[in-house]
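So the chains spell out like this:
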Amino acid sequence: MTSLPVSRQSGPDERRRELAAFLRSRRERLQPEEVGFAPGGRRRTPGLRREEVAQLAGVGVTWYTWLEQGRDINVSAQVVEAIARTLRLDRLERNHLYTLAGLPLGPVSAECVGLPPSVQRMLDNASPYPGLVLNARYDVLAFNDAYCKIMLDLTQIPVEERNVLWLTFVTQQWQCSFRDSESIKLHMVAGYRAASADHLGEPSWQELTQRLLAESPEFTDLWNRYDVAAPSNNVKVIDHPRVGRLRIEPVNMWLTRLGSARATIYTAVDDESEAKFRRLLED
């Protein structure tokens, strides 16, 4: 992958810009009638007006406008909570808003930077179930042989390209296709955006985002939605080129208290999928 120039904008400035865009996107998705305003009248933009959000949250219109413009102003937890309620944010969106506003959500502990050998042993012993370990940036930190034979042979992928976002949106090397790929991609980008709030201004995160924006119009469209999400355990269906349909269910296990690295084991949902898993490993 070729590197693109990394923005030299400072972390606080970028955080405020991200906060402004996130607030605007959440405001525009709410309809006036959903919060008690009359639906009549022409509106130049979708959703609520800034003054309506300010009124419902009990803050000044000018102050809220400055906040949504990314200006350097003081923000209290009480006001952020009022805005979160007004915009009807769910738990993850609320946490994302607090992070962008620079407000603490709870105690912070150190992040584990390396994986002990026991993690690889766990993945190996999970066979015939495919398994891998990802960090918050979707970099692949470890994987087992079952993942290579059933999902994608990561041993054939250069180490610098072993990132699930990059593999999903840029490369064409997957051995299987998800039947609900559109919703999976949307959820993946939303998870990446949620995680990126803790890493604004970090060169490695900026570089990956800029590469994806430059190489994938699909990623760009999803990124510009400003959705946030957490990893899910929803059942997924894939069409494998050798054995046909597989129904799998991911099990996520966080390896640190912060949840910055997680192991995902893809279990078979039914006996037919289980048998196909074993057949692929025996070949």
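Everything discussed here concerns the structure shown above.
Residues numbered from 1 in each chain as written. Predicted model: local features only at pLDDT ≥ 70, side-chain atom pairs only at ≥ 80, totals over all residues. Heavy atoms only, no water.

A few points about the overall build of the protein chain
Secondary structure summary: the protein chain contains twelve helices and six strands in total. Taken over 283 residues, the protein chain has a buried fraction of 48%. Across the protein chain, the fraction of contacts at a sequence separation of at least 24, relative to all contacts at a separation of at least 6, is 56%. Summed over all atoms, the accessible surface of the protein chain reaches about 14800 Å², with 48% contributed by carbon and sulfur. (Helix = DSSP H or I, 4+ residues; strand = E, 2+ residues; numbered from the N terminus. Buried < 20%, exposed > 50% of the residue type's maximum accessible area, 1.4 Å probe, protein only. Contact = heavy atoms within 4.5 Å. Areas by Shrake-Rupley, 256 points an atom, 1.4 Å probe, with all protein chains shown as cover.)

Here's the deal with the nonpolar core
The biggest cluster of nonpolar side chains holds 39 residues, and the ones touching the most others in it are L132, L154, L165, Y192 and F219. What F219 contacts, discounting residues up to four positions off in sequence, is L165, F169, V189, Y192, T209, L212 and L213. In terms of nonpolar packing, the next biggest core, distinct from the first, is built from 35 residues, L19, L89, L92 and A101 among them. (Core = buried A, V, L, I, M, F, W, Y, C linked by side-chain atoms within 4.5 Å.)

As for the pairing of strand β4 (residues 236–240)
The element β4 is extensively covered by neighbouring structure, given that four of its five residues are classed as buried. Of the strand pairs in this sheet, strand β3 (residues 177–178) and β4 are connected by two bridges, and their pairing is antiparallel. Paired with S177 across the two strands is D239, which belongs to β4. Across five bridges, β4 lies against strand β5 (residues 244–254) in antiparallel orientation. Each residue of the ladder has a partner; that of V237, found in β5, is R247. Hairpin connection between β4 and β5: a loop of three residues separates the two successive antiparallel strands. (Pairing = 2+ DSSP bridges.)

Considerations on the pairing of strand β2 (residues 140–143)
Where strand β1 (residues 131–135) lies against β2, three bridges are found, and the strand directions are antiparallel. Residue pairing in the sheet places L132 in a bridge with F143 of β2. Hairpin connection of β1 to β2: four residues between the antiparallel strands, including Y138 at a positive phi of 70°.

Points about a nonpolar patch on the surface
Taken together, the side chains of L115, L141 and L255 present a nonpolar region at the surface, about 210 Å² in accessible area. Residue placement: L255 occurs in the loop between β5 and β6 (261–268). For L255, a relative accessible area of 32% puts it in the partly exposed group. (Patch = residues over 30% accessible without salt bridge, like charges linked within 9 Å, V, L, I, M, F, W, Y side chains within 5 Å. Salt bridge = Lys/Arg side-chain N within 4 Å of Asp/Glu carboxyl O.)

Description of the sheet that holds β3
Strand order in this open sheet of six strands is β2-β1-β6-β5-β4-β3, and the pairing throughout is antiparallel. Two strands close off the open sheet at either side, each with one partner strand: β2 and β3. Pairing geometry for β5 and β6, over seven bridges, is antiparallel. From the neighbouring strand, P250 faces β6, where its bridge partner is Y266. The strands touched by helix α12 (residues 271–282) are β4, β5 and β6; relative to β5, the strand with the most contacts, the crossing angle is about 90°. (Axes fitted to C-alpha atoms, helices over the stretch in contact; angles between N-to-C directions.)

Overview of the pattern of salt bridges
Scanning the model with the defined rule gives 19 salt bridges in all. A salt bridge links D145 to K149, with the shortest nitrogen-to-oxygen separation between them at 3.4 Å. Linking D145 with K149, this pair stays in helix α7 (residues 145–150), spanning four residues, or about one helical turn. Here D145 falls in the partly exposed class, since its relative accessible area comes to 45%. Across the salt bridge formed by K276 and E272, the nearest N and O atoms sit 3.2 Å from each other. Note that K276 and E272 are positioned in helix α12 at a spacing of four residues, about one turn of the helix. The structure contains a network of salt bridges with shared partners spanning R26, R29, E93, R225 and D227.

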